[in-house]
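A structural walkthrough
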Amino acid sequence: MLIRVRRPGDIDPREITDEGLYLRRREFLRSAALAGGAAAFAAAGAPTASRAARLAPGDLAALTGLVPSPFSTDESPNSFEDVTSYNNFYEFGTDKEDPARHAHTLVTDPWSVSIRGEVERPGEIALEDLLKPHALEERVYRLRCVEAWSMVIPWVGIPLGDILRRFEPTSHAKYVAFRTLYKPSQMRGQRRRVLDWPYREGLRIDEAMNPLTILAVGLYGRVLPSQNGAPLRLIVPWKYGFKSIKSIVSIELTRRRPATSWNVSAPREYGFYANVNPEVDHPRWSQKRERRIGEFRRRPTLPFNGYAESVADLYAGMNLRKNF
Amino acid sequence: MARRKSWWRGTGLRIAVFVVGVAPAGLLLLDGLRGSLGANPIETLQHTTGDWSLRFVLAALAVTPLRRLFGWGFLAPHRRTLGLFAFFYVCLHLGTYVGLDLFFDWSVIAEDIFKRPYITAGFTGFLCMLPLAITSTRGWQRRLGRRWVQLHRLAYVAGIAGSVHYLWLTKADLLSPLVYTVILATLLGTRLWFRYARRTTRPARSLS
């Protein structure tokens, strides 16, 4: 029997590199270097705008028989690409590009909306039946985000007041509460508690009945893309964008002021009213000016986002600094 | 074999650090030229340069703990390069804010710096990094001697200021700024631990 006595300088057989590996060492080095380089480039490329395939208007069903509206602005709208690639819709992620990337998982057909609370005729109604009696209008509106950027968007929709009246609000209906779909399997952003899901918003009844307030079902003459709040969303053009709740499944008329998501999340920063107001800064940034997407210099922000003529008297006598 | 190893850990690593440092700026430039910085290009520039500045601050602050924990002394010569890349990206970040976002509107910029805590924090970080970049040469290192080491502890303040800047500007989703903050806390925490360990082991060593 051979007994090998190991001396300190001896190489343990386990340390000897396998011959195959040894022969492929250059290949290994090359692939390791490539992998490292690729990872660095991927990491570097990731934060910049996604270069994924963009949604084109032709991918969406066309809406016909649209009626133009005197409430439309004649400012030139942002491009379809801007409108559908730069979105705040935390249900699909908190980056601006996330909704365009992830909202395709949302199933919008069939869709129904529950209308309850202080109405004579409550019920669950299919989206087609909700829209059927109404003419679709095109409304080109300014949209001002609380983050100090803005766009001009050609929405397609129906005045909210016209819809609510069909359900006959009672005299106790003082507010309207809206709720977004809660479905983490389709809305991946809801798997983390960034906000207190489901997203909730609300309006005072007179704000809801104002002719500027619409429920939108489309933009650029097509049905709403998922990232923009398909199939049904609110548009309140004189308020910061977060008031215009997306993918609505519930409308409840209430006696009391409903809780609203951003107000619950940060009450010092986001009020119930959230009227666009250059005089009242967000605690962390100025609201005096905004960047219109596509423009280089910031432009001044207008009181009530330029809709003061139509809505300022809703707030007559109110302290708008306190009721921000 | 020994020579190849030293090449990878010396020149090879130097090239790698340089490539990783230049790549984000290069990609931004490329994206800018072909108009693919997204719907809000100024915001994309601001966010990307800010992210990379913070990443390089953390990378520079990681050099010493990695050397102490794992004996990776070969990283030490690259600490200055990492720090200078952090400064490079903070300059681009600040430059984008001043020149593109606010278009040299000094009254608004001054108001921001004094009134908005997250901008105060970010600007503090920049002010901390400025003297570090200036005194990063061997000449200054020699001239300042021991005080150079003391001065360059401002890098800790810069890291804290950068993380706080990110935390305070975030609207709701704190995950990403918290990841940076936890990494920073770990890096600064290991330093405190080393200091504590050294203090407690010294008497034991003198006994033996």
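A brief look at the structure comes next. Values in this document were obtained by computation on a predicted structure and should not be read as measured data. (Residues numbered from 1 in each chain as written. Chains lettered and ligands numbered in written order. Predicted model: local features only at pLDDT ≥ 70, side-chain atom pairs only at ≥ 80, totals over all residues. Heavy atoms only, no water.)

1. With respect to the pattern of salt bridges
- Evaluated as defined, the whole model comprises 32 salt bridges over all chains.
- A salt bridge links A:Arg54 to A:Glu81, with the nearest nitrogen and oxygen atoms 2.8 Å apart. Here A:Glu81 lies in helix H3 (residues 80-85) and A:Arg54 lies in the loop between helix H2 (25-45) and strand S1 (67-68), a separation of 27 residues in the sequence.
- Using a relative accessible area of 37% as the deciding quantity, one classes A:Arg54 as partly exposed.
- Residue classification places A:Glu81 among the partly exposed residues on the basis of a relative accessible area of 41%.
- One salt bridge in this structure joins A:Arg200 and A:Asp196, with 3.2 Å as the shortest N-O distance.
- A relative accessible area of 30% means that A:Asp196 is categorised as partly exposed.
- One salt-bridge network, held together by shared partners, links A:Asp281, A:Lys288, B:Glu111, B:Asp112, B:Lys115 and B:Arg116. (Salt bridge = Lys/Arg side-chain N within 4 Å of Asp/Glu carboxyl O. Helix = DSSP H or I, 4+ residues; strand = E, 2+ residues; numbered from the N terminus. Buried < 20%, exposed > 50% of the residue type's maximum accessible area, 1.4 Å probe, protein only.)

2. A look at empty space enclosed by the protein
Residues and elements named next belong to chain A.
- Within the structure shown, the criterion is met by three cavities of 30 Å³ or more.
- The volume enclosed by the largest cavity comes to roughly 370 Å³.
- Lining the largest cavity are 27 residues, and of these Asn-88, Phe-89, Gly-241, Phe-242 and Lys-246 lie nearest its centre.
- Counting residues per element, the lining of the largest cavity draws most heavily on strand S5 (residues 149-159), at four residues.
- Here the lining of the largest cavity is composed, by residue class, of 17 nonpolar, six polar and four charged. (1 Å grid on protein atoms, 1.4 Å probe; cavity = no way out; pocket = protein on both sides within 12 Å on 5 of 7 lines; lining within 4 Å. Points joined across faces, edges and corners; volume = space filled by probe spheres on them. Nonpolar A, V, L, I, M, F, W, Y, C, P; charged D, E, K, R; others polar.)

3. Re unusual backbone geometry
Residue and element names in this part refer to chain A.
- The omega angle of the peptide bond from Asp-109 to Pro-110 is 5°, so this bond is cis rather than trans.
- Tracing the sequence through the fold places Pro-110 in the loop between helix H4 (98-102) and strand S2 (112-117).
- At the junction of Ala-230 and Pro-231, the peptide bond is cis and its omega measures out at -5° in the coordinates.
- Checked against the element boundaries, Pro-231 lands in the loop between strand S9 (222-223) and strand S10 (233-235).
- Positive phi, close to 50°, is recorded for Ala-274, a residue that is not glycine.
- Turning to its location among the elements, Ala-274 is positioned in the loop between helix H8 (261-265) and strand S12 (289-292).

4. Here we look at the packing of helix H5 (residues 117-134) of chain B against helix H8 (residues 154-169) of chain B
All names here are of chain B.
- The geometry of H5 relative to H8 is characterised by a closest axis approach of 8 Å and an angle of 155° between their N-to-C directions. It follows from the interaxial angle that H5 and H8 lie roughly antiparallel. You can see that H5 and H8 cross each other, and the crossing is left-handed. Seen from H5, the contacting residues are Pro-117, Tyr-118, Ile-119, Ala-121, Gly-122, Thr-124, Gly-125, Cys-128, Met-129, Pro-131 and Leu-132; seen from H8, they are Leu-154, Ala-155, Val-157, Ala-158, Ala-161, Val-164, His-165, Trp-168 and Leu-169. (Axes fitted to C-alpha atoms, helices over the stretch in contact; angles between N-to-C directions. Parallel < 35°, antiparallel > 145°, perpendicular 65-115°, else oblique. Left-handed = near helix turned anticlockwise from the far one by under 90°. Contact = heavy atoms within 4.5 Å.)

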